[in-house]
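Each chain, written out:
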Amino acid sequence: MLRPGLPAPFIPRVDAQSPWSSPWQVADRACDGSNGGDNGGDSGGGDNGGGTDQPPVDTTGWPKPLVENNRAYRNNTGHVVASYFVEWGVYGRNFPVDRIPATNLTHILYGFVPICGPNPTLQQENPAGYSALQSQCSGKPDYSVVLHDKFAALEKSYPGDKWDDPIRGNIGQLMKMKASNPGIRVLPSIGGWTLSDPFFHLANDAARRATFVSSVKTFLKTYAVFDGVDIDWEYPGGGGANTGLGSSSDRTGYTSLMRDLRAMLTQLGQETGRTYELTSAVGAGPAKIDQVDWQQASTYLDYVFAMTYDFYGAWSGELGHHAGLNPTAQSIHEGFTGAEAVTNLMAAGVPADKLVMGVAMYGRGWSGVTGGTVDNPFTGTGGNKIAGTWEAGVLDYRQIESAFQGGASGKGANGFVYYYDTQAQAPYLWNASRGELITYDDVRSARAKADYAKRNGLAGVFSWEIDADNGNILNAMHEGLGHSPK
Ligand code: I5I
């Protein structure tokens with residue numbers, strides 16, 4: 001039993017925070033490269049967050065003011081400005097829903113929602129998370145969606161919550177957030193790096209697909225704050241955490257899954273009088289793009305979130321901009337930049353106005369980099385993962401800015417020197433004496449990506465993940481889209 005101390009639901013709770021150490025403090029990804037490696041080749045009603053039958057939501061104290069450096073922008077261009085919020089952000093990150101700069105977002109993607117059934121990747125990477133999932137899944141058929149961390153999602157109490165509110169936690173907070181920002185779209189993001197195993201087993205099996213799709217419908221009726229669903233299958237065709245999964249049949253599987261989800265969302269819309277969106281986060285490297293029939297699949301999707309980050313990282317000795325926009329003469333791999341990913345996805349059949357480009361609110365770093373020139377480490381080779389904020393090799397933007405960049409427009413700190421590759425449109429911080437290198441998106445590169453999205457007729461921009469930003473990156477995304485401060 002994961003949480004022997006879990007009180008019965010009728011006991012009043014005043015928890016300010018989880019009294020037990022949480023398995024969800026581990027991010028969804030082993031941080032071992034989602035796009036990396038060419039070897040994956042074969043490898044209306046809704047106001048108040050409710051449906052028609054939902055009681056009104058008490059919005060006392062909402063909307064929450066923008067905090068930290070977030071500035072209010074007018075979205076005068078109508079572009080998508082989306083960001084992922086992680087369920088486990090309420091623990092060590094201390095980033096609950098009320099810190100989301102909701103008035104500056106069109107979409108919040110809630111990561112991650114798991115699927116019952118075979119989840120060996122989770123079992124291996126996060127045993128406590130696996131046993132929590134097992135208990136959520138008891139009595140439910142395999143291939144049903146469920147909430148993962150019930151405490152974070154439904155039970156943690158916030159000011160103004162009544163102890164017997166059936167929905168507190170993140171989802172209760174999202175209901176209040178949405179009731180005070182009615183235009184925002186909130187989508188559960190199903191899957192992610194460690195929770196994708198079941199997709200491989202369900203996508204090509206009509207009965208399992210039906211179980212999954214109908215459970216998503218039930219989920220959306222139960223938690224009516226949600227406006228559709230985001231599918232984060234990492235990845236059709238393979239190349240994800242579980243190296244044993246992925247085949248060429250995932251191509252038809254992905255299309256079938258999108259088709260059936262869209263049909264269900266249309267049906268649900270007729271039942272509730274609301275509109276529901278279908279989106280998907282997709283690997284942006286050429287090998288990942290090639291595994292999907294974009295011509296067909298796009299027809300069912302509202303938006304495709306291209307994960308134009310994680311192109312390089314300390315899981316390999318190769319050095320490169322992890323979230324660069326343009327290729328340069330030094331690029332090791334063709335296709336591992338934002339602009340190339342957009343070109344490739346559009347050539348494969350994704351309409352520009354459904355494409356959303358990803359901005360990284362985090363960096364990736366190496367230690368022990370050798371062989372580069374004094375001001376250009378990328379000509380050398382990487383060593384190990386740099387010490388990270390939460391995970392080795394991965395740093396939140398907020399920490400990069402304060403500890404290594406020396407402020408929002410700093411030129412470097414703590415032995416690091418700031419450089420900006422104007423061709424790649426990518427910043428990096430290089431500590432030559434220690435051989436430490438950090439690649440990331442900063443204000444300038446985030447603005448460049450949003451400007452690129454606007455000039456190329458894309459739907460907009462999104463980011464992973466909102467708690468890692470101090471507001472400066474999201475502000476830059478708005479600036480790049482041409483939005484003016486309110
Ligand atoms: C990371 C985990 C994820 C990431 C980048 C680093 C998950 C995603 O991106 C993602 N983007 C859209 C859907 N999922 N991890 C670490 S440590």
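Residues numbered from 1 in each chain as written. Predicted model: local features only at pLDDT ≥ 70, side-chain atom pairs only at ≥ 80, totals over all residues. Heavy atoms only, no water.

1. Digging into the confidence of the model for the chain
Mean pLDDT over the chain works out to 90, with 89% of the residues at or above the 70 mark. In this model, residues 1-52 is a region of pLDDT below 50 whose contacts with residues beyond four sequence positions or in other chains number 135 contacts. (pLDDT = per-residue confidence, 0-100. Contact = heavy atoms within 4.5 Å.)

2. Quick word on the state of the cysteines
Defined simply, a disulfide is a covalent bond joining two cysteines at their sulfur atoms. Tallying each qualifying case throughout the model produces 1 disulfide. A sulfur-sulfur distance of 2.0 Å marks the disulfide that ties Cys116 to Cys137. Around the S-S axis, the bridge from Cys116 to Cys137 shows a dihedral of about -90 degrees and counts as left-handed. One end of the pair, Cys116, is in the loop between strand E3 (107-113) and helix H1 (120-125); the other, Cys137, is in helix H2 (residues 127-137), with 21 residues separating them in the sequence. Neither Cys116 nor Cys137 differs from the other in exposure class; each is buried. (Disulfide = S-S within 2.5 Å. Helix = DSSP H or I, 4+ residues; strand = E, 2+ residues; numbered from the N terminus. Buried < 20%, exposed > 50% of the residue type's maximum accessible area, 1.4 Å probe, protein only.)

3. As for unusual backbone geometry
The bulk of non-glycine residues show a negative phi, and the bulk of peptide bonds are trans. With an omega dihedral of 0 degrees, the bond running from Trp62 to Pro63 counts as a cis peptide bond. Turning to its location among the elements, Pro63 is positioned in the segment before strand E1 (73-74). With an omega of -5 degrees, the peptide bond between Glu234 and Tyr235 qualifies as cis. If you trace the backbone, Tyr235 turns up in the loop between strand E5 (228-232) and helix H7 (250-272). Positive phi, normally seen in glycine, also occurs at Asp310, with a value near 65 degrees. Here Asp310 is to be found in the loop between strand E7 (303-307) and helix H10 (338-348).

4. With respect to helix H6 (residues 206-222)
With 17 residues, H6 should reach 24 Å at 1.5 Å per residue; the first-to-last C-alpha distance of 24 Å fits that figure. By the burial criterion, the buried members of H6 are Arg209, Phe212, Val213, Ser215, Val216, Lys217, Phe219 and Leu220. Buried-residue contacts for H6 involve E3, strand E4 (185-191), helix H5 (197-202), E5 and H7. Two to three positions downstream of the cap, the backbone nitrogen of Ala207 sits 3.1 Å from a side-chain oxygen, assigning the N-cap of H6 to Asp205. (Expected span 1.5 Å × (residues − 1). Polar contact = N/O pair within 3.5 Å; in protein donor to acceptor, adjacent residues only side chain to side chain.)

5. Considerations on the environment of Pro327
Within the secondary structure, Pro327 is located in the loop between E7 and H10. Here Pro327 falls in the partly exposed class, since its relative accessible area comes to 34%. The spatial distance from the C-alpha of Pro327 to the C-alpha of Gln425 is 9.2 Å, given a sequence separation of 98 residues.

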